[in-house]
Number of protein chains: 2
Amino acid sequence: MNKKPVELVVVGSIGLDTVATPWERREEILGGSVSFACAGASFFAPVGMVGVVGSDFGKSDLDIYRGFGFDLDGLQVREGRTFRWSGVYEDNMDNRRTLSTELNVFAEFQPELPESYRQAPFLFLANIAPALQLSVLKQIRKPRFIVADTMDLWINVALADLKKVIRRVDLLTLNESEARHLTGERMLIKAARKLLGWGPQHILIKKGEHGAVLFSKRGTFLMPAYPLEEVNDPTGAGDTFAGGFIGQLAAGGKVTEEALRRAMLVGTVMASFNVEAFSLNRLRKLTRREFTRRIGEFKKMLLV
Amino acid sequence: MNKKPVELVVVGSIGLDTVATPWERREEILGGSVSFACAGASFFAPVGMVGVVGSDFGKSDLDIYRGFGFDLDGLQVREGRTFRWSGVYEDNMDNRRTLSTELNVFAEFQPELPESYRQAPFLFLANIAPALQLSVLKQIRKPRFIVADTMDLWINVALADLKKVIRRVDLLTLNESEARHLTGERMLIKAARKLLGWGPQHILIKKGEHGAVLFSKRGTFLMPAYPLEEVNDPTGAGDTFAGGFIGQLAAGGKVTEEALRRAMLVGTVMASFNVEAFSLNRLRKLTRREFTRRIGEFKKMLLV
């Protein structure tokens, strides 16, 4: 069978999540940074997934991946249990608390890029240990644009490696609070300037329901979030955003300022769909027509 | 002396504020909703101020008002002390706590519009008791566009009057948390829809450092905040925003969708200057050139 060459490689975690909101609770639903990021990206470009699952990973979840059309050559299946995460959204969804984390097979994860992925021009290092992100950077041959995400944990326990990652990527994406934590700067513009000084051409700061900001050496771009009627599960919003963002860039092929702004719009809209339902349930049903309509509505809301 | 006819009337509070930030403390500096709103508006349209001060109100503060060129025919001076407010910004400026409030002459405030104000086409009812806002509505003759602000206190203690005000204005502006409190809706789009059902054509929800959203019967407009390097005193940001917003509308004269969007831009930029210094200190020094330059920079950050 002839497969489309992978244009975008995404490396990250795959988990079975138990998620409670003030209204509903779901057990062991498909999640993890790489699941959401690939789902967000796959609407735009051929995407290859690099991650690990245990021998308990269900066929129905694999079928969900296949339904999106991800290339799964980079998916490792290891003897043992899949990574588990459990969390609860409290205070009217304003606060997320982790109840438990079971690393399982993820503890020994060594990302390995299949030969067919190593020429891919776009790479998204979703949130995993910086040491693993570095090992992926050694495997990719001709990257045109590399995006990395991170989290508080790595700022605390693996700062030296994280800084090595930051030095080598084109765009670093992180949450508002993480940007403050990592730089010690309260004002985002100062935090971003410091981070730009560490190497990347672009810093993409995610502010959840308040949108995102792209700081580049040549300018700043402010993107509000799409105003939703209902959020049923915020899990994976940031990863879906990043996936849509880099998927759109990969589709265009060129990373111009205009392309970056379009990618912010696309990432925001993909994330807005994702939070409408648990797991990948909304993205699975998303049609091109719904996507295009929301892009149009959203652009009207931004027209100065 | 021939004065320019007042195009915009602003009614609200005048106070001497004692403000502490994590870095600095200032005592008895000029503040109050009407001060900030008039300052924000006066760059664009002839504005008449309606408020009350005590016999202790200093000549230097009056001179600040005169420096902005406000019409002061509506300013009442009463025997007694001027309203005092004291507050502290905590947790890296994220949280404001009121330490004390002394109503003084403000307790007996009865807003009275001078004859020359009653034909003004634009009216901003800044945050005061809804009963007083209603009394002003009886005095204005040919309003073209009325904006009202409010606060949590009135939602708690004067809801019936507040709803009467809301029914009679063209635009209601309030904070994100107040919109939620007033409607019982967590999602802003639902809160705004409910409020639109109560009468106004437009609901302007302020989100502080996350910007503002204008919900109109015909559409939604999302406006991020201008990203600042430094915030030295957030006091009055919302009032300056509203002042700039309605001042810009009054300058144009017509309330079209395009005019409303331009007014959001102008309000945001005026507020961004205001928070750079305590009291009206930054706005007093603001030049047309600085304003125009920041508008230009800001528009570039918004271009989708």
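Keep in mind it's a predicted model, so treat the numbers as computed, not measured. (Residues numbered from 1 in each chain as written. Chains lettered and ligands numbered in written order. Predicted model: local features only at pLDDT ≥ 70, side-chain atom pairs only at ≥ 80, totals over all residues.)

## Quick notes on the relation of the copies chain A and chain B
Then, in step 1: If you rotate chain A by 180° and push it 0.0 Å along the axis, it lands on chain B with an RMSD of 0.0 Å. Seen this way, the second copy is the image of the first under a two-fold rotation axis. (Least-squares fit on C-alpha atoms with pLDDT ≥ 70 in both.)

## Considering the sheet that holds strand β9 (residues 145–149) of chain B
All names here are of chain B.
Then, in step 1: The mixed open sheet is built from nine strands, whose spatial order is β5-β4-β1-β8-β9-β10-β11-β12-β13. Strand pairing shows two members of the sheet lacking a second neighbour, β5 (75–78) and β13 (219–223), which therefore form its edges. Neighbour to neighbour, the strand axes of the sheet diverge by 15° on average, direction disregarded.
Then, in step 2: Bridge count for strand β1 (residues 8–11) against strand β8 (residues 122–125) is four bridges, and the pairing is parallel. (Pairing = 2+ DSSP bridges. Helix = DSSP H or I, 4+ residues; strand = E, 2+ residues; numbered from the N terminus. Axes fitted to C-alpha atoms, helices over the stretch in contact; angles between N-to-C directions.)

## Things to note about the interface of chain A and chain B
Interfaces are often sized by the accessible area lost when the parts come together.
Then, in step 1: Residue-level contacts link 26 residues of chain A with 25 residues of chain B.
Then, in step 2: At the level of elements, α7 (188–197), β13 (219–223), α9 (257–274) and α11 (288–302) of chain A are the ones that each hand at least two residues to the side of chain A that touches chain B.
Then, in step 3: Taken together, the residues that form the side of chain A that touches chain B break down as 13 nonpolar, five polar and eight charged. (Contact = placed C-beta atoms within 7 Å. Nonpolar A, V, L, I, M, F, W, Y, C, P; charged D, E, K, R; others polar.)

## Side note on the pairing of β5(B)
All names here are of chain B.
Then, in step 1: As defined by bridge partners, strand β4 (residues 47–54) adjoins β5 across four bridges and the pair is classed as parallel. Each residue of the ladder has a partner; that of Val-52, found in β5, is Gln-76.
Then, in step 2: Regarding the hand of the β-α-β motif, the stretch spanning β4, helix α2 (residues 59–68) and β5 is right-handed. (Right-handed = clockwise from strand over helix to strand, strands pointing away.)

## Some words on the packing of helix α6 (residues 176–183) of chain A against α7(A)
Residues and elements named next belong to chain A.
Then, in step 1: At a closest axis distance of 9 Å, the pairing of α6 and α7 adopts a crossing angle of 60°. Classed by the angle they form, the pair α6 and α7 counts as oblique. Between α6 and α7 lies a crossing whose hand is left-handed. Here Glu-176, Ala-179, Arg-180 and Thr-183 of α6 come into contact with α7, specifically with Leu-188, Ala-191, Ala-192, Lys-194 and Leu-195.
Then, in step 2: Here the contact of α6 with α7 is built from residues that sort into five nonpolar, one polar and three charged. (Parallel < 35°, antiparallel > 145°, perpendicular 65-115°, else oblique. Left-handed = near helix turned anticlockwise from the far one by under 90°.)

## With respect to the sheet that holds strand β3 (residues 25–31) of chain A
All names here are of chain A.
Then, in step 1: In spatial order, the strands read β3-β2-β6-β7; together these four strands make up an open sheet with mixed pairing. Of all strands in the sheet, those with a lone pairing partner are β3 and β7 (95–102), marking the two edges. Each strand of the sheet is rotated relative to its neighbour by a mean of 25°, with strand direction disregarded.

## Considering unusual backbone geometry
Excluding glycine, residues mostly have negative phi values, and the peptide bonds linking residues are mostly trans.
Residue and element names in this part refer to chain A.
Then, in step 1: Phi angles above zero are rare outside glycine, and Met-93 is one such case at about 75°.
Then, in step 2: Topologically, Met-93 is positioned in the loop between β6 (84–90) and β7.
Then, in step 3: For Met-93, a count of 19 C-beta atoms within 10 Å corresponds to the partly exposed category. (Buried ≥ 20, exposed ≤ 12 C-beta atoms within 10 Å, placed from the backbone.)

## Section: helix α3 (residues 130–139) of chain B
Residues and elements named next belong to chain B.
Then, in step 1: Within α3, burial applies to Pro-130, Gln-133 and Val-136. Projected down its long axis, α3 carries its buried residues within an arc of 110°, all on one side.
Then, in step 2: Summarising the contacts, the buried residues of α3 are in contact with β1, β8, β9, α4 (152–157) and α5 (159–168). (Arc of directions from axis to C-beta.)

## Quick word on the nonpolar core
Then, in step 1: Judged by nonpolar contacts, the single largest core of 186 residues is most densely connected at Leu8(A), Val10(A), Leu8(B) and Val10(B).
Then, in step 2: Those residues in contact with Leu8(B) that sit more than four places away from it in its chain are Ala41(B), Ala45(B), Val47(B), Ala120(B), Phe122(B), Phe124(B), Ile246(B), Gly247(B) and Ala250(B). (Core = buried A, V, L, I, M, F, W, Y, C linked by C-beta atoms within 7 Å.)

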